[in-house]
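# Secondary and tertiary structure notes
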Amino acid sequence: MKTGLPLYAKILIWFFLNLLLLVLAFWIGIRAQFYSGLDTLLSARAGERMQVVGDLAGSELRDAPVSEWDRVLARISAAYKVQLFLLDGAGKVLAGGSVSLPAAVLKRMGAVAPAVATRPRGRGGPPWATAGTTATEGVGMGMGMGMGMGGGAGLGREFKFFIRTDSPTRYWAGVRLPAVAAGHPEWRPITLVAVSDSMSGGGLFFDVGSWLAVAGAVVVLSSLFWLPLVRGITRATSLMTNATGQMAEGHLETRVELRRNDELGRLAQSINRMAGRLETYVSGQRQFLGATAHELCSPLARMQVALGILEQRAAPEDRERLMDLREDVDSMSRMVHELLSFSKASFGTAAVQLQSIPLLSAVERTVQREVPPVTPVQIRIPENLAVMAEPDLLQRALGNILRNAVRYAGSAGPVIITAEKSAGGVSLCIADCGPGVPEEALPLLFDPFYRVESSRSRDTGGAGLGLTIVKTCVEACGGSVSCRNRKPTGFEVLVRLAVI
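These remarks concern the structure in this document. What you see is a predicted model; the values in this text were computed from it and never measured. (Residues numbered from 1 in each chain as written. Predicted model: local features only at pLDDT ≥ 70, side-chain atom pairs only at ≥ 80, totals over all residues. Heavy atoms only, no water.)

### Examining the overall build of the protein chain
This is how it is decided: In this description a helix means any DSSP run of H or I spanning at least four residues, a strand means any run of E spanning at least two, and both kinds are numbered starting from the N terminus. Should any heavy atoms of two residues lie within 4.5 Å, those residues are counted as being in contact.
Regarding its fold elements, the protein chain presents 11 helices and 12 strands. For the protein chain, restricting intrachain contacts to residue pairs at least 6 apart in sequence, the fraction spanning at least 24 positions comes to 62%.

### Quick look at unusual backbone geometry
It is generally the case that most residues other than glycine have a negative phi and that most peptide bonds are trans. Formally: The cut-offs for exposure are 20% and 50% of the maximum accessible area for each residue type, with area from a 1.4 Å probe on protein chains only; residues under the lower value are buried, those over the upper are exposed, and the others partly exposed.
Across the junction of Ser167 and Pro168, the peptide omega takes the value -5 degrees, indicating a cis bond. Here Pro168 shows up in the loop between strand S3 (160–165) and strand S4 (170–177). With an omega of 5 degrees, the peptide bond running from Lys487 to Pro488 counts as cis. With respect to the helices and strands, the residue Pro488 is situated in the loop between strand S11 (480–485) and strand S12 (491–497). Located in the positive-phi region is Lys81, a residue other than glycine, with phi close to 60 degrees. Relative to the assigned elements, Lys81 resides in the loop between helix H3 (69–80) and strand S1 (83–87). Lys81 sits in the exposed class, given a relative accessible area of 65%. With respect to the secondary-structure elements, Ser167 resides in the loop between S3 and S4.

### Observations concerning the side chain of Arg326
The cut-off we apply is this: Within 3.5 Å is the distance limit for a polar contact, defined as a pair of N or O atoms, with the added protein rule that one can donate a hydrogen and the other accept it, and that residues adjacent in sequence qualify only through two side-chain atoms.
In this fold, Arg326 is placed in helix H8 (residues 319–347). Since its relative accessible area comes to 18%, Arg326 is described here as buried. Among the polar contacts made by the side chain of Arg326, one reaches the side chain of Glu311 at a distance of 3.4 Å. Beyond its immediate stretch of four places on either side in the chain, Arg326 contacts Gln304, Leu307, Gly308 and Glu311.

### With respect to the sheet that holds S4
As a reminder of what qualifies: Here a strand pair is declared whenever DSSP counts at least two bridges between the two strands. Only the contacting stretch of a helix is used when fitting its axis, a line to C-alpha atoms as for every element, and angles between N-to-C directions run 0 to 180 degrees.
Spatially, five strands are ordered S2-S1-S5-S4-S3 in an open sheet, and the strand pairing comes out antiparallel. The outermost strands of the open sheet, each flanked by one partner alone, are strand S2 (93–95) and S3. On average, each strand axis in the sheet is inclined to that of its neighbour by 30 degrees, with strand direction left out of account. Sheet topology places S4 next to strand S5 (residues 190–196); seven bridges connect them, and they run antiparallel. Pairing of Trp172 across the sheet is with Val195, part of S5. Contacting S1, S2 and S5, H3 crosses the sheet at an angle of about 145 degrees to S1.

### As for a negative patch on the surface
Note the following rule: Grouping into patches uses exposed residues only, defined as over 30% relative accessible area, and leaves out salt-bridged ones; the cut-off is 9 Å for like charges and 5 Å for nonpolar side chains (Val, Leu, Ile, Met, Phe, Trp, Tyr). Calculation of accessible area relied on Shrake-Rupley with a 1.4 Å probe; when residues are assessed, cover is drawn exclusively from the protein chains displayed. For this analysis, a salt bridge means a side-chain nitrogen from Lys or Arg found within 4 Å of a carboxyl oxygen belonging to Asp or Glu. A residue counts as positive if it is Lys or Arg and as negative if it is Asp or Glu; His and the chain ends are not included. To locate a charge, take atom NZ for lysine, CZ for arginine, CG for aspartate or CD for glutamate.
A grouping of Glu320, Asp324, Glu327 and Asp328 is seen on the molecular surface, where their side chains present a negatively charged patch. Structurally, Asp328 is set in helix H8. A relative accessible area of 49% places Asp328 in the partly exposed class.

### Digging into a nonpolar patch on the surface
A surface patch of nonpolar side chains, amounting to about 470 Å² of accessible area, comprises Leu12, Phe15, Phe16, Leu19 and Val23. You can call Leu19 partly exposed: its relative accessible area is 38%.

### What about helix H9 (residues 359–370)?
Cut-off, in case you're wondering: A helix's residues, less one, multiplied by 1.5 Å, set its expected span.
Its 12 residues give H9 an end-to-end C-alpha distance of 16 Å, which sits within 8% of 16 Å, the value for a rise of 1.5 Å per residue. Where the residues of H9 are buried, they touch strand S6 (355–358), strand S7 (377–380), strand S8 (386–389), helix H10 (391–409), strand S9 (415–422) and strand S10 (425–432).

### Considerations on helix H7 (residues 263–313)
The test is simple: Values of bend correspond, residue by residue, to the angle between axes fitted over the seven residues ending at that residue and the seven starting there.
For H7, spanning 51 residues, the distance from its first C-alpha to its last is 73 Å, which sits close to the expected 75 Å at 1.5 Å a residue. Along H7, the sharpest kink reaches roughly 30 degrees, centred on Cys297 and followed within four residues by the proline Pro299. Listing the buried residues of H7 in full gives Leu264, Gly265, Ala268, Ile271, Asn272, Ala275, Val282, Leu289, Gly290, Ala293, Leu300 and Leu307. Where H7 begins, one side-chain oxygen reaches toward the backbone nitrogen of Leu264, 3.2 Å away; that side chain belongs to Asp262.

### Re the sheet that holds S12
Taken in spatial order, the five strands make up an open sheet running S7-S9-S10-S12-S11, and their pairing is mixed. Strands with a single pairing partner mark the edges of an open sheet, and in this sheet they are S7 and S11. Between one strand axis and the next, the sheet turns through 15 degrees on average, direction left out of account. Sheet topology note: the S10/S12 ladder contains seven bridges and is antiparallel. Paired with Ala431 across the bridge in S12 is Glu492.

### Quick notes on the packing of H9 against H10
Which entries qualify depends on this criterion: Note on angle classes: values under 35 degrees are labelled roughly parallel, values over 145 roughly antiparallel, values of 65 to 115 roughly perpendicular, and the remainder oblique. Note on convention: near helix rotated counterclockwise from far helix by under a right angle means a left-handed crossing. Clockwise means right-handed.
Look at H9 against H10: their axes get within 9 Å of each other, and the N-to-C directions meet at 50 degrees. Here H10 runs oblique to H9, going by the angle between their axes. Crossing angle aside, the handedness with which H9 passes H10 is right-handed. Contact residues: Ala362, Val363, Arg365, Thr366, Val367, Arg369 and Glu370 in H9; Leu394, Gln395, Leu398, Gly399, Leu402 and Arg403 in H10.

### With respect to the side chain of Asn272
Positionally, Asn272 belongs in helix H7. Of the polar contacts made by the side chain of Asn272, one reaches the backbone nitrogen of Val256; its length is 2.7 Å. Sequence-distant contacts of Asn272, that is, excluding residues within four places in its chain, are made with Arg255 and Val256.

As structure tokens, this is what we get:
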């Protein structure tokens, strides 16, 4: 047999592949919002949102006098649920209220001490280079001039940052703005800073919805990824469970139709080999029982004839002993008859020809033959109800059920026989009013040679093959049989047969 990967290896490989899929999805999500990490969050989608806020603020601030800047920033802050501040290159707050900037924020803005050397205006330097302007600011402002007053491309779309500070925990985002007020060149470069106590920043910093979408996509992809493996395992276990259940019911010809090269495939092959061995063993056992019973028929018949002759010629004082011997021989004869019936029912299933049988007439004939007149019987079967069965097998099954009912509960009340159409067939119920059987014995009643010893000894019972013969005959007719105790007292056998 071709050796495949072990099942645990398949599961491990599938696990690591799924883990790789999750890492890939997470990396894509990180790239979508963070690009290269948390510090550069605003370089991606969140950065675009911050840039929109910067463009909006820059536009409104350019159109408003400096005295109105606090009001403009307060309105925009309320709209975006963050605190907005406008700072110059040295970290001085120009609008938005008072705030204590952490050193990390100042460092990220490039706000340092004023440079020693400066370029006065009119000597080749840029028009914004005045005394007190730092070299770092000069570089930033030189880049900022590329945007002009229009707030288009340039530095404003490149200089962005996002950092987290502790004690207390806050999240800071900044974007460089173009010059927003004429006559104040010392305010260049100008940075719009947003601060929030939460990482989401009211949705401005961190887009929770997109992450939920990524998580949902990961769950769906993982489910689809694991589905083939899980479906294959569950299908294999389901097939083996159904097959072993059929074998437990006595259908040893059942096989597991499964083609796999792993542990489940080898288990299925082992189950098939076990079923084949059991089928061979049980078939040989039944053949042996049938052959033995057949061979015992002739000597038992001769013994009964001899006993009959002895009873006629024996003295009166010896006839009691002959009667005991007669009972033993008759008991052996009944047991052999049951063995023959069991053997015929077991080996005749392959050649059974089913035909439509009127159920009421079949039951009435069996009742006349098996039930004595002193035992009341109530038959409640519709006249036009017919079932698919083999006549001899059906008569044998009904006869055994009725004999048991009369033997163990005939004096307790009537035997009630009912039938009705059910889903896909006919349900025939034969119930008595006797004491029933122990609940723990119900699953074993159809096993060969099983007898409920506490209530049914050899003095009152047979060899324990009656219900086994019933089960074999009914299943040969394509039906099923079960039994249960009635409430408050009684016992019933339920036979299900197919209809035309």
